[in-house]
Amino acid sequence: ATLLKGMSLSDIMTGLAASGKNVKDMGAYKFWQTQPVPKFGEDTKKVEEGPLKKQTVEEIDKEPQPLVAGFEWVTVDLADDGEMKEVYELLNGHYVEDDEAMFRFNYIPEVLRWAMMAPGWQRKYHVGVRATQSRKLVAFISAVPVNIRVRNKTFATSEVNFLCVHKKLRGKRLAPVLIKEITRISNLDGVWQGLYTAGIVLPRPVSTCRYYHRSLNWPKLHDCGFSPLPANSKPQYQIRKYSLPDNTATKGLRPMQEKDVDAVVSLLTRYLAKYDMAPEFTAEEASHWFIPKKDVKQVIWSYVVEDNDKKITDFVSFFCVESSIIKNNDVLRVAYLFYYASEVGIPPNIDKPALKTRLNGLINDALILAKRAKLDVFNALSLMDNGLFLEQQKFGGGDGQLHYYLFNYRANPIGGGVNAKNQL
Ligand code: MYA
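Some thoughts on the overall build of the protein chain
(1) Moving on: A count of helices and strands for the protein chain gives 8 helices and 14 strands.
(2) Moving on: Relative to its length of 424 residues, the protein chain is compact, with a C-alpha radius of gyration of 21 Å against a globular reference of 22 Å.
(3) Moving on: Along the first, second and third principal axes, the C-alpha set of the protein chain runs to 60 × 50 × 45 Å.
(4) Moving on: In the protein chain, buried positions account for 54% of the 424 residues.
(5) Moving on: If you take every contact in the protein chain between residues at least 6 apart in sequence, the share linking residues at least 24 apart comes to 76%.
(6) Moving on: Of the accessible surface of the protein chain, which amounts to about 19300 Å², a share of 52% is contributed by carbon and sulfur atoms.

This is how it looks when you write it as structure tokens:
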């Protein structure tokens, strides 16, 4: 999973992946068929949206399920540098890889702190499994609270991320036990819905996006095998194609500061209103997710455009997650487009040509700023209004997909063409 992104539909989403290459027959999902999630093949007509299963806190087990002999549950203290290092090392060695095992996410402690210690975080949601004898951390799962709006209903969720089982313990059905434990902990807090993303197909995505990539440092991407040299091209043509100006062009663009938080929340809330699924940000959350922490390695970059009347008219943000290049011990510094908004794109008065021009300007500036921050490639998904700039900004379609899931919530598909209201 990647972090919660601009989780919203657009007119360019690729549709549901119910026929994707790695879909199993429903009966083969031995665990997922027991869980409150929609199944493949059901609900082909429009459904009433809402929870699938209703329970009360009294019905929930007060203790975790026992683990197999030799292993025990722990809560991990991410405020402790030693324990943070253990989580970092588990993920660095065993977390998500691409299909060809060339790259593996390298979530550094600064990013893990940003992702898992967001407003409302609680230590009990940082769940680990240790080998009783050696004390080694061998599995992990986490969640943070997120309020999510699906069409006109907003509800509390646990956003689950960083599910990881040590390579030597794979295939032993430990993942379902971790998922049930994070569900139990959420339920005891009165949280009944979950939100998560994964590269694999599970029953059943509410939406599916494709990854797009824009080179910032073509020679490095070529050397590590990320970007092939196209037929009939030469390295210098690729370098020229992806070259960028030294300076940004949008008048009034500057780094977002704490004093901008309320204006950004207002702008973003009004902008996200056009999508069928989006998180709701409080000022505290916006400050956490968008403003870089002092004195630590920067993980988030956020910019606003301030006009002559000191009004904030636009916002754009991206974050960095490294990937280890497995063959040579180097890392790729990967930018991910995060949230953005513009006054010209707010319903019901969207000026689509003006929005297209504005977003192309803002994203081009984001590319320049990411390059200046020494990031190697800029990723974006097929969501929000990204279709208005991906091609013009020289993003190319990747082979990765990201599936979005809701736990214990029945929802109609969110994606292009499904609901005319979603189309710009
Ligand atoms: S997505 C990132 C997941 N992590 C990785 O891909 C890292 C590398 N891989 C591993 O560490 C392991 O392969 C994992 C599976 C841990 C993924 N999401 O224990 P097993 C099902 C959900 O024998 P292992 C992220 O972090 C699989 O279909 N289920 O398998 C978001 C099968 O079930 P079924 C998954 O390979 C996580 C069962 O597990 C995933 O040893 C959101 C096999 O178990 C997956 N990514 O371990 C979790 N991968 O038989 C759900 C496999 O039915 C949260 N499986 O096919 C739900 C909401 C909960 C909160 C609710 C609040 C109310």
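A look at the pattern of salt bridges
(1) Moving on: Under the defined criterion, the tally for this structure stands at 20 salt bridges.
(2) Moving on: Residues D314 and R358 are paired through a salt bridge, measuring 2.7 Å at the closest nitrogen-oxygen approach. Within this pair, whereas D314 is found in strand β11 (residues 312-325), its partner R358 is found in helix α8 (residues 352-372), the two being separated by 44 residues in sequence.
(3) Moving on: Judged by its relative accessible area of 2%, D314 falls in the buried class.
(4) Moving on: Here the residues in one salt-bridge network are R254, D260, E306 and K310, joined through shared partners.

Thoughts on unusual backbone geometry
(1) Moving on: Between P203 and R204 the backbone carries a cis peptide bond, its omega angle lying at -10 degrees.
(2) Moving on: Along the chain, R204 falls in the loop between β6 (193-198) and β7 (207-215).
(3) Moving on: Going from P347 to P348, the amide bond is cis rather than trans, its omega being 5 degrees.
(4) Moving on: Relative to the assigned elements, P348 resides in the loop between β12 (330-342) and α8.
(5) Moving on: One non-glycine residue, D295, lies in the positive phi region at around 60 degrees.
(6) Moving on: Relative to the helices and strands, D295 is located in the loop between α7 (283-290) and β10 (300-306).
(7) Moving on: By relative accessible area, which is 82% here, D295 ends up exposed.
(8) Moving on: Here the phi dihedral of K374 falls at roughly 65 degrees; this positive angle occurs in a residue that is not glycine.
(9) Moving on: Topologically, K374 is positioned in the loop between α8 and β13 (377-381).
(10) Moving on: The exposure class assigned to K374 is exposed, which follows from its relative accessible area of 65%.

Details of the packing of aromatic side chains
(1) Moving on: This model, assessed by the stated rule, comprises 31 aromatic pairs.
(2) Moving on: When the ring of Y196 is compared with that of Y405, the centres are 5.1 Å apart and the planes differ by 15 degrees; the resulting orientation is stacked. Of this pair, Y196 sits in strand β6 while Y405 sits in strand β14 (residues 396-407), and the two are 209 residues apart along the sequence. One exposure class covers both Y196 and Y405, and it is buried.
(3) Moving on: Ring geometry for W289 and F338: centres 6.4 Å apart, planes at 65 degrees, overall edge-to-face. Of this pair, W289 sits in helix α7 while F338 is found in strand β12, placing the two residues 49 residues apart along the sequence. Comparing W289 with F338, the two get one shared label, buried.
(4) Moving on: One aromatic cluster is present, formed by W114, F281, W289, F290, F315, F319, Y336, F338 and Y339 through successive ring pairs.

Overview of the nonpolar core
Inside soluble globular proteins, nonpolar side chains tend to come together where they are buried.
(1) Moving on: Formed by 106 residues in total, the largest nonpolar core has its most connected members in F290, F318 and F378.
(2) Moving on: Contacts of F290, omitting those with residues within four sequence positions, involve M256, V264, L268, F281, I300, S302, F315, S317, F338 and Y339.
(3) Moving on: Core analysis: the next-biggest nonpolar cluster, separate from the first, contains 29 residues, F40, V127, I141 and Y196 among them.

A short note on the site of the ligand
(1) Moving on: Near the ligand you find 37 residues, and of these W32, L163, G171, R173 and A175 are the closest.
(2) Moving on: Its free accessible area being 1200 Å², the ligand has 90% of it covered by the protein chains.
(3) Moving on: Put simply, the parts of the chain that give the shell around the ligand at least two residues each are β5 (153-165), α3 (174-188) and β6.
(4) Moving on: If you tally residues by element for the shell around the ligand, the top one is α3, at 8 residues.
(5) Moving on: Of the residues belonging to the shell around the ligand, the class tally is 23 nonpolar, 9 polar and 5 charged.

Re the pairing of β13
(1) Moving on: Within β13, 5 of the 5 residues are buried, leaving the element largely enclosed by the surrounding structure.
(2) Moving on: The side-chain alternation of β13 yields two buried faces, one formed by V377, N379 and L381 and the other by F378 and A380.
(3) Moving on: Pairing of β7 with β13, which is carried by 5 bridges, proceeds in the antiparallel orientation. Note that in β13 the partner of Y211 across the bridge is L381.
(4) Moving on: Both β12 and β13 contribute to a ladder of 3 bridges, which runs parallel. Across the sheet, residue Y336 finds its bridge partner in β13, namely N379.
(5) Moving on: The parallel pair β12 and β13 is bridged by α8, and the resulting crossover is right-handed.

Here's the deal with the pairing of β6
Along any regular strand the residues' side chains alternate between the sheet's two faces.
(1) Moving on: Summarising burial for β6: 6 of the 6 residues are buried, a large majority.
(2) Moving on: By the alternation rule, side chains of β6 split into Q193, L195 and T197 and G194, Y196 and A198, which are all buried.
(3) Moving on: Crossover handedness for the path β5 to α3 to β6: right-handed.
(4) Moving on: By the bridge criterion, 5 bridges tie β6 to β14 in an arrangement that is antiparallel. Along β14, the bridge assignment pairs T197 with Y404.

Rules of the game
- Residues numbered from 1 in each chain as written.
- Predicted model: local features only at pLDDT ≥ 70, side-chain atom pairs only at ≥ 80, totals over all residues.
- Heavy atoms only, no water.
- Helix = DSSP H or I, 4+ residues; strand = E, 2+ residues; numbered from the N terminus.
- Rg over C-alpha atoms; globule rule 2.2 N^0.38 Å.
- Buried < 20%, exposed > 50% of the residue type's maximum accessible area, 1.4 Å probe, protein only.
- Contact = heavy atoms within 4.5 Å.
- Areas by Shrake-Rupley, 256 points an atom, 1.4 Å probe, with all protein chains shown as cover.
- Salt bridge = Lys/Arg side-chain N within 4 Å of Asp/Glu carboxyl O.
- Phe/Tyr/Trp six-rings, centres within 6.5 Å; stacked < 30°, edge-to-face > 60°.
- Core = buried A, V, L, I, M, F, W, Y, C linked by side-chain atoms within 4.5 Å.
- Near = heavy atom within 4 Å.
- Nonpolar A, V, L, I, M, F, W, Y, C, P; charged D, E, K, R; others polar.
- Pairing = 2+ DSSP bridges.
- Right-handed = clockwise from strand over helix to strand, strands pointing away.

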